[in-house]
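Structural description and commentary
Okay, here's what each chain looks like letter by letter:
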Amino acid sequence: MSRHLDMALDQVKMAVEVTRGLARGLTPVGETPGGLWRALERLTDDYRVIKGISCDLSVEGEVDAIATDIGNHLYRIAQEALANAVRHGKATQLEVKLDRNGDFYRMSITDNGTGFKGQAKPDGTGLGLRSMTARTRFIGGDIQYDVQRETGTRVTIQWPVIRTENGHRRPRASSLRAT
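Let me sum up the structure you'll find in this document. What you see is a predicted model; the values in this text were computed from it and never measured. Numbering of residues begins from 1 in every chain and follows the order in which that chain's sequence is written. At least 70 in pLDDT is required for a residue's local features to be given in this predicted model, at least 80 for side-chain atom pairs to be given and counted, and no such filter applies to totals for whole chains, interfaces and linings, which use all residues. Side-chain measures were taken over the full set of non-hydrogen atoms in the model, leaving aside hydrogen atoms and water.

So, on to the side chain of D99. Under the scheme used here, helices are H or I runs from DSSP no shorter than 4 residues and strands are E runs no shorter than 2 residues, and both carry numbers assigned from the N terminus. Of note, D99 is situated in strand β2 (residues 93-101). Exposed residues in this analysis have more than 50% of their type's maximum accessible area, buried residues have under 20%, and partly exposed residues fall in between, with area computed by a 1.4 Å probe over protein chains only. For D99, a relative accessible area of 13% corresponds to the buried category. Contacts between residues were defined by any pair of non-hydrogen atoms, one from each residue, lying within 4.5 Å. Once you skip the residues sitting within four places of it in the chain, D99 turns out to touch E60, V63, F104, Y105 and R106.

Here's what the structure looks like:
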């Protein structure tokens, strides 16, 4: 009887682990301070370990206070930019940088790939590019593409640090509801 109970407990533990993994996939950025850079660290580690591609993360300045909802959008942007660099640009080296400079945060994803099919700038018609642009606008930021056919592509997202007088983050206009 105890053997069956042990097997049942093992199955419950596995189910809990699978459920947690699925939940992390839906919202990869944790709610603890530094959640975004920790999620980006896992993402870049996955590229190195699983895909065997050189992928580094650098973090500068005070970035621990980036809100979870904004962080989840930025994580998905980084995820899309890295996937595009490998899939379409045939990149073999990737770098993600996250920093804060004054009243702005910035995240850049740089690769050594071939760029956007010979174009100097992306045409913005692909679903992934439209998604990155929409996510950037949603957080009140700007996105820029710097394409160099010989040295790769850099995608840079910059968005404001939003604070009130007491230092807490103000809600974005898009998150306010009329009552």
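Our next topic: the pattern of salt bridges. Whenever Lys or Arg places a side-chain nitrogen within 4 Å of a carboxyl oxygen from Asp or Glu, that contact is recorded as a salt bridge. Here the structure, examined in full by the defined rule, presents two salt bridges. As a salt-bridge pair, R48 and D45 come within 2.1 Å of each other at their nearest N and O atoms. With R48 and D45 both in helix α2 (residues 35-49) and three residues apart, the pair spans about one turn of that helix. Residue D99 is joined to R106 by a salt bridge in which the shortest nitrogen-to-oxygen separation is 3.1 Å.

Attention now goes to the packing of α2 against helix α3 (residues 68-87). Between N-to-C directions, angles span 0 to 180 degrees; the directions come from axes that are lines fitted to C-alpha atoms, helices contributing only their stretch in contact. As a packed pair, α2 and α3 sit with axes 10 Å apart at the nearest point and diverge in direction by 20°. Taken as axis vectors, α2 and α3 run roughly parallel relative to one another. For the pair α2 and α3, the crossing hand works out as right-handed. Residues L36, A39, L40, L43 and Y47 of α2 form the contact with α3, whose participating residues are G71, L74, Y75, A78, Q79, L82, A83 and V86. If an angle is under 35 degrees, it is roughly parallel; if it is over 145, roughly antiparallel; if it lies from 65 to 115, roughly perpendicular; otherwise it is oblique. Each crossing gets its handedness from the near helix: less than a right angle anticlockwise from the far helix is left-handed, clockwise is right-handed.

Now for the nonpolar core. What we call a nonpolar core is a set of buried Ala, Val, Leu, Ile, Met, Phe, Trp, Tyr and Cys residues that are connected through their side-chain atoms within 4.5 Å. Ranked by size, the top nonpolar core spans 35 residues in total, and within it L40, I66, L74, M107, I157 and W159 carry the most contacts. For this core, the secondary-structure elements that each account for two or more residues are α2, α3, β2, β3 (104-111), α4 (127-138) and β5 (152-160). Each residue touching I66, except ones within four places of it in the same chain, is listed here: L36, G71, L74, L98, Y105 and W159.

Another point: the sheet that holds β5. Following DSSP output, two strands are said to pair if at least two bridges run between them. Read from one edge to the other, the open sheet built from five strands follows the order β1-β2-β3-β5-β4, with strand pairing classed as mixed. In this open sheet, the two edge strands, each paired with only one partner strand, are β1 (54-60) and β4 (142-148). Across this sheet, the average inter-strand angle for adjacent strands is 10°, counted without regard to direction. In the packing of α4 onto the sheet, contacts are made with β4 and β5, and the angle to β4 comes to roughly 140°.

On to the environment of P160. Note on placement: P160 falls in strand β5. For P160, a relative accessible area of 26% puts it in the partly exposed group. Expressed as a C-alpha distance, the spacing of P160 and Y105, which sit 55 residues apart in the sequence, is 6.2 Å. Once residues lying within four places of it in the same chain are set aside, the contact partners of P160 are D103, F104, Y105, I139 and G140.

Here a pair means two rings of Phe, Tyr or Trp (six-membered ring of Trp) with centres within 6.5 Å. Their orientation is stacked below 30 degrees between planes, edge-to-face above 60, and tilted elsewhere. Evaluated as defined, the whole model comprises one aromatic pair. Over a ring means this: the NZ of a Lys or the CZ of an Arg is within 6 Å of the ring centre and within 35 degrees of the ring normal. Between K51 and the ring centre of Y47, over which it is positioned, the NZ or CZ distance is 5.4 Å.

Inspection of the secondary structure puts G52 in the loop between α2 and β1. The exposure class of G52 is exposed, given its relative accessible area of 59%. For the pair formed by G52 and T92, sequence separation is 40 residues and the distance between their alpha carbons is 8.9 Å.

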